[in-house]
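# Understanding the architecture of this molecule
Below, each chain spelled out in residue letters.
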Amino acid sequence: MQIGVVGLGRMGANIARRLMRAGHACVVHDASAATTGALASEGATGAASLADIVAALATPRTVWVMLPAGDVTETAIAELAGLLAPGDTVIDGGNTFWKDDIRRAKALAERGISYLDIGTSGGVWGLERGYCLMIGGEKAVVDRLDPIFRALAPGRGDIAATRHREDRTGTAEEGYLHCGPNGAGHYVKMIHNGIEYGMMQAFAEGFDILRNASSPRLSEDLRLDLDVADIAEVWRRGSVVTSWLLDLTAEALAADPALARYSGHVADSGEGRWTVEAAIEQATPAEVLTSALYTRFRSRQDHTFAEKVLSAMRAGFGGHQEPK
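Report on the accompanying structure.

Cut-offs used in this document
Residues numbered from 1 in each chain as written. Predicted model: local features only at pLDDT ≥ 70, side-chain atom pairs only at ≥ 80, totals over all residues. Heavy atoms only, no water. Helix = DSSP H or I, 4+ residues; strand = E, 2+ residues; numbered from the N terminus. Rg over C-alpha atoms; globule rule 2.2 N^0.38 Å. Buried < 20%, exposed > 50% of the residue type's maximum accessible area, 1.4 Å probe, protein only. Contact = heavy atoms within 4.5 Å. Areas by Shrake-Rupley, 256 points an atom, 1.4 Å probe, with all protein chains shown as cover. Lys, Arg positive; Asp, Glu negative; His and termini not counted. Charge placed at Lys NZ, Arg CZ, Asp CG, Glu CD. Core = buried A, V, L, I, M, F, W, Y, C linked by side-chain atoms within 4.5 Å. Axes fitted to C-alpha atoms, helices over the stretch in contact; angles between N-to-C directions. Parallel < 35°, antiparallel > 145°, perpendicular 65-115°, else oblique. Nonpolar A, V, L, I, M, F, W, Y, C, P; charged D, E, K, R; others polar. Phe/Tyr/Trp six-rings, centres within 6.5 Å; stacked < 30°, edge-to-face > 60°. Lys NZ or Arg CZ within 6 Å of the ring centre and 35° of its normal. Expected span 1.5 Å × (residues − 1). Arc of directions from axis to C-beta. Left-handed = near helix turned anticlockwise from the far one by under 90°. Salt bridge = Lys/Arg side-chain N within 4 Å of Asp/Glu carboxyl O.

Quick look at the overall build of the chain now. Helix and strand content of the chain: 14 helices and 8 strands. The C-alpha radius of gyration computed for the chain amounts to 22 Å, which stays within 12% of the reference 20 Å derived for 324 residues, consistent with globular compactness. The C-alpha extent of the chain, read off along each of the three principal axes, is 75 × 45 × 40 Å. With 324 residues in all, the chain has 48% of them scored as buried. The contacts of the chain with a sequence gap of at least 6 include a subset with a gap of at least 24, amounting to 68%. Carbon and sulfur atoms make up 55% of the accessible area of the chain, which amounts to about 15,900 Å² in all. Within the chain, the 41 negative side-chain charges are centred at a point lying 1 Å from the centre of the 32 positive side-chain charges.

Turning next to the nonpolar core. In terms of nonpolar packing, the biggest core is built from 29 residues, with Trp64, Leu133 and Phe149 touching the most fellow members. Elements represented by at least two residues in this core include exactly strand S1 (2-6), helix H1 (12-21), strand S2 (25-29), strand S6 (114-121), strand S7 (132-136), helix H7 (139-144) and helix H8 (146-152). Examining the composition of this core, we find that 5 residues originate from one element, H1, more than from any other. One finds Ala232, Leu245, Ala252 and Ala312 within the second-largest nonpolar core, a separate group that totals 26 residues.

Interhelical geometry of helix H9 (residues 184-211) versus helix H12 (residues 271-282) gives an angle of 105° and a closest axis separation of 8 Å. The angle between H9 and H12 places the two elements in the roughly perpendicular class. On H12, the residues that touch His186, Tyr187, Lys189, Met190, Ile191, Asn193, Gly194 and Tyr197 of H9 are Glu271, Gly272, Trp274, Thr275, Ala278 and Gln282. Tallied by class, the residues present in the contact of H9 with H12 amount to 6 nonpolar, 6 polar and 2 charged.

Scanning the entire structure with this criterion turns up 6 aromatic pairs. Taking 6.4 Å as the distance between ring centres and 70° as the angle between the ring planes, the aromatic pair formed by Phe97 and Trp98 counts as edge-to-face. We classify Trp98 as buried; its relative accessible area is 19%. Plain terms: the ring middles of Trp98 and Tyr187 are 4.9 Å apart, the flat faces sit at 90° to each other, and that makes the pair edge-to-face. Linking Trp98 in helix H5 (residues 98-109) with Tyr187 in helix H9, this pair joins segments that are 89 residues apart in sequence. The class for Tyr187 is partly exposed, based on a relative accessible area of 23%. An aromatic cluster of at least three residues, connected via ring pairs, comprises Phe97, Trp98, Tyr187 and Trp274. The ring of Tyr197 has Arg296 sitting right over it, with the charged end atom 3.7 Å from the ring centre.

Here helix H13 (residues 287-299) is 13 residues long and its end C-alpha atoms lie 18 Å apart, about the 18 Å a rise of 1.5 Å per residue gives. Buried within H13 are the following residues: Leu289, Ala292, Leu293, Thr295, Arg296 and Ser299. Down the axis, H13 shows its buried residues gathered within 155° of arc, on one side only. More than 90 degrees from the buried face of H13, the exposed residues found are Glu287 and Tyr294. For H13, the secondary structure elements touched by its buried residues are H9, H12 and helix H14 (305-318).

Interhelical geometry of H9 versus H14 gives an angle of 135° and a closest axis separation of 8 Å. One finds that H9 runs oblique with respect to H14. Considering only the axes of H9 and H14, their crossing is right-handed. Contacts from Glu196, Met200, Gln201, Phe203, Ala204, Glu205, Phe207, Asp208 and Arg211 of H9 reach H14 at Phe305, Ala306, Val309, Leu310, Met313, Arg314 and Phe317. Tallied by class, residues from the contact of H9 with H14 come to 10 nonpolar, 1 polar and 5 charged.

Right, let's get into unusual backbone geometry. For the peptide bond that leads from Thr59 to Pro60, omega is -5°, which places it in the cis range. Of note, Pro60 is situated in the loop between helix H3 (50-56) and strand S4 (62-65).

Let us look at the pattern of salt bridges. The tally for this structure, following the rule as stated, stands at 19 salt bridges. Taking the shortest distance from any N to any O, the salt bridge between Glu42 and Arg17 comes out at 2.8 Å. One end of the pair, Glu42, is in the loop between helix H2 (33-40) and strand S3 (45-46); the other, Arg17, is in helix H1, and 25 residues separate them in sequence. Taking the relative accessible area as the measure of exposure, Arg17 reaches 25% and is therefore partly exposed.

Written out as C-alpha cells, the structure reads:
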C-alpha cells in the first residue's frame, strides 16, 4: 500500500522504514529538509510540504501524522483537512488527548475524511521489535488499512499463547487491536502509559532500597553491600518481575551501576496526567499511578537514585533525554 508519513522523529522515521521493509510505499515529510532527504535516500519519496504529500498519494489517500501532541499536531491535521478529499484518511499516531480525537473525527467527518487515532508503543526499538498499536476509529477504515497495521505490529513472535483464548479471534495476539470508536485508541494508550509510570516507579524505588542497604544510617552489622547490576540480571531470568523495563534497567546498570550520567530529573509526557484525570472523572481509585506521577514532579526539585533509574529506563525504551 501507499501511505504518507508526516514527522520523521525518533518513531516516525522508523515507522516509515518498517513499512518500506514490508514493501509499502512511503511518501514522507519533515520540518527538516535534511531529515526528509535522508529517508528519501533510503527509498521513500520525499515531499517538501503537506501539499506535496497529498499530491503524490493515489486515492484514497492515507496520511499518518507522527508529531508531538499539541499545537503542532493540531496545525498539521487542520492543514491536511483542507488538502484531502472525501474518502481519504488521517491517522494520528502520536500521544494525543483522546477527547481531542473525538472532536477532530467529527470535524473531519463533515468533509468526508476519516480519522484514526492510534496509540503507538515501541519507542526507538520499534523498527526491529515492531509496534504495539491501539486503534480507534471506524471499523471499515481499520479493516481497509489492515496491511499497514500488520506490517508495523510485532506479530506473535515467540511469545507463548495465553491460555483460555482458544475461542477468541482478532488481531490482539498479533500486537495490534481495533479498540473501539474514535478516542478509544488513544484512551487505551493513555492508560498504558499511566501503568508504565507505576511499573517504572516500583522498579526505581526497589533498586533505590537495594542500593541503600549499605547506608551509614544502618547499624554496621545490618549493612549489606549489594550488586544492583547483578540483581537486575538475575531477576531477568525466571522471576515474576521479568519485563522489558527490567531488561532496560539491567542494561543501564551493567554499563554504569551508579547511573552517573543521569541527574534524576524525570519528565512526564502528559499521558500520566491524563490517566489521573480520567480516574478522577470516574471516581476510580488510582493510588499507585497518581503517586508515580507526583514523584516525577518532585524529581525536578531534588533527585534520588530512584529517579536516575527512571531516567535510564526512559532513555532505554524511548530515547528520552533529560532536560538540560
